[in-house]
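What follows is each chain in one-letter form.
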Amino acid sequence: EVQLVESGGDLVQPGGSLRLSCAASGFTFSDHYMDWVRQAPGKGLEWVGRTRNKANSYTTEYAASVKGRFTISRDDSKNSLYLQMNSLKTEDTAVYYCARVRYSGYDYRGYYYYMDVWGKGTTVTVSS
Amino acid sequence: DIQMTQSPSTLSASVGDRVTITCRASQSISSWLAWYQQKPGKAPKLLIYKASSLESGVQSRFSGSGSGTEFTLTISSLQPDDFATYYCQQYNSYSWTFGQGTKVEIK
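Residues numbered from 1 in each chain as written. Chains lettered and ligands numbered in written order. Predicted model: local features only at pLDDT ≥ 70, side-chain atom pairs only at ≥ 80, totals over all residues. Heavy atoms only, no water.

Q: Account for the overall build of chain A, naming residues and giving values.
A: When helices and strands are tallied, chain A shows 0 helices and 11 strands. Walking chain A from its N terminus toward its C terminus, one meets helices and strands in the order β-β-β-β-β-β-β-β-β-β-β. Compactness check: chain A gives a C-alpha radius of gyration of 14 Å against a globular reference of 14 Å for 128 residues, within 12% of the reference. By principal-axis analysis of the C-alpha atoms, chain A measures approximately 45 × 30 × 25 Å. (Helix = DSSP H or I, 4+ residues; strand = E, 2+ residues; numbered from the N terminus. Rg over C-alpha atoms; globule rule 2.2 N^0.38 Å.)

Q: Any details on the pattern of salt bridges? Residues and values, ideally.
A: One pass over the full model with this rule turns up 13 salt bridges over all chains. Measuring nitrogen to oxygen at the nearest pair gives 3.1 Å for the salt bridge that ties E70(B) to R24(B). One end of the pair, E70(B), is in strand 8 (residues 70–75); the other, R24(B), is in strand 3 (residues 19–25), and 46 residues separate them in sequence. In this structure R24(B) comes out as partly exposed when scored by relative accessible area, which is 38%. Where K39(B) meets D81(B), a salt bridge forms, and the shortest distance between an N and an O atom there is 2.3 Å. One end of the pair, K39(B), is in the loop between strand 4 (33–38) and strand 5 (45–49); the other, D81(B), is in the loop between strand 8 and strand 9 (85–90), with 42 residues separating them in the sequence. Each of R38(A), E46(A), R69(A) and D92(A) takes part in a single network of salt bridges with overlapping partners. (Salt bridge = Lys/Arg side-chain N within 4 Å of Asp/Glu carboxyl O. Buried < 20%, exposed > 50% of the residue type's maximum accessible area, 1.4 Å probe, protein only.)

Q: Outline the interface of chain A and chain B, listing residues and values.
A: Facing the 28 residues of chain A at the interface are 18 residues of chain B. Considering only the surface of chain A that becomes buried against chain B, L45(A), W47(A) and Y114(A) emerge as the three largest contributors, covering 28% of it. At the junction of chain A and chain B, the tally comes to 1 salt bridge. The residue R102(A) makes a salt bridge to E55(B) at a minimum N-O spacing of 2.6 Å. The set of elements that each furnish at least two residues to the side of chain A that touches chain B consists of strand 4 (34–39), strand 5 (45–51), strand 6 (60–62), strand 9 (94–107) and strand 10 (110–118) of chain A. (Contact = heavy atoms within 4.5 Å. Buried area = accessible area lost by both parts, 1.4 Å probe.)

Q: Tell me what's going on with the nonpolar core, and back it up with residues and numbers.
A: Counting 46 residues, the largest nonpolar core has W36(A), M85(A), Y96(A), W118(A) and F98(B) as the members making the most contacts within it. Residues contacting W118(A), with those up to four places away along its chain left out, are L4(A), V37(A), L45(A), Y97(A), C98(A), A99(A), Y36(B), A43(B), P44(B) and F98(B). M4(B), A25(B), Y86(B) and C88(B) belong to the second largest nonpolar core, which has 25 residues in total. (Core = buried A, V, L, I, M, F, W, Y, C linked by side-chain atoms within 4.5 Å.)

Q: Please set out the packing of aromatic side chains residue by residue, giving values where relevant.
A: If you walk through the whole model with that rule in mind, you get 17 aromatic pairs over all chains. Aromatic side chains Y112(A) and W32(B) sit 4.1 Å apart centroid to centroid with 10° between the ring planes, which places their arrangement in the stacked category. Remark: W32(B) occurs in the loop between strand 3 and strand 4 and Y112(A) occurs in strand 10; the pair is interchain, linking two chains. Comparing Y112(A) with W32(B), the two get one shared label, buried. With 6.2 Å between their ring centres and 50° between their planes, Y36(B) and F98(B) make a pair best called tilted. Residue Y36(B) is located in strand 4, and its partner F98(B) is located in strand 10 (residues 97–98); the two are separated by 62 residues in the primary sequence. Of the two residues, Y36(B) and F98(B), neither departs from the other in class, the shared state being buried. (Phe/Tyr/Trp six-rings, centres within 6.5 Å; stacked < 30°, edge-to-face > 60°.)

Q: Explain the pairing of strand 5 of chain B to me, using residue names and the numbers behind them.
A: Residue and element names in this part refer to chain B. Note: strand 4 against strand 5, 3 bridges, orientation antiparallel. Across the sheet, residue W35 finds its bridge partner in strand 5, namely I48. The turn joining strand 4 and strand 5, which pair antiparallel and follow one another in sequence, is formed by 6 residues; a positive phi near 75° is taken by G41. The sheet contact formed by strand 5 and strand 6 (residues 53–54) spans 2 bridges and is antiparallel. Looking at strand 6, one finds that I48 is bridged to L54. Between the antiparallel neighbours strand 5 and strand 6 lie 3 residues, among them K50 with a positive phi of about 50°. (Pairing = 2+ DSSP bridges.)

Given below as structure tokens:
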């Protein structure tokens, strides 16, 4: 069974740092791109960032709202994904989900991927 | 960024009703669109990808259609388990964006 389990959520003060983890099982983790998505209390879903696989040089992408503050990394030997969050703001308060990314198709412009399996999430609260 | 707009924001319906949710993109996204279902306190669940492809294991009463800028998610006969919030998401281009959600409530 494909499973993603996030951990590391906590209460942290504005300006602080936190590292989230996502443990993957039931699939070949190293083959897949992986995403982080968040959901503020009572709000919709916001894509946070993506890491590609080794074949694509582990390149990363970030939403403008977190670029320069958040860093995504992965350890394929441990089937684990990470989100390092620095300079946290109150507006970063959310449930953070990790999601497996699956190949959808291609056209003349490139290749396309979507999120197919999500973890249950971990809660980050940024407050003084 | 591509903006995704869903309508309606809230929908009241009865068991057995046919339900349609619309998602519009601010520019063409071809068919690179997914639909997710989310229940309170739970993770989103993939229903549809590439606008109209049904995810394995998802009930056939769910269907998706559309291309370009206008898309629909249809539930052919609403069941008690379908009361939830539904999100569309474009994966045509960075930064991947979601609609604001449509909450399907019991009438």
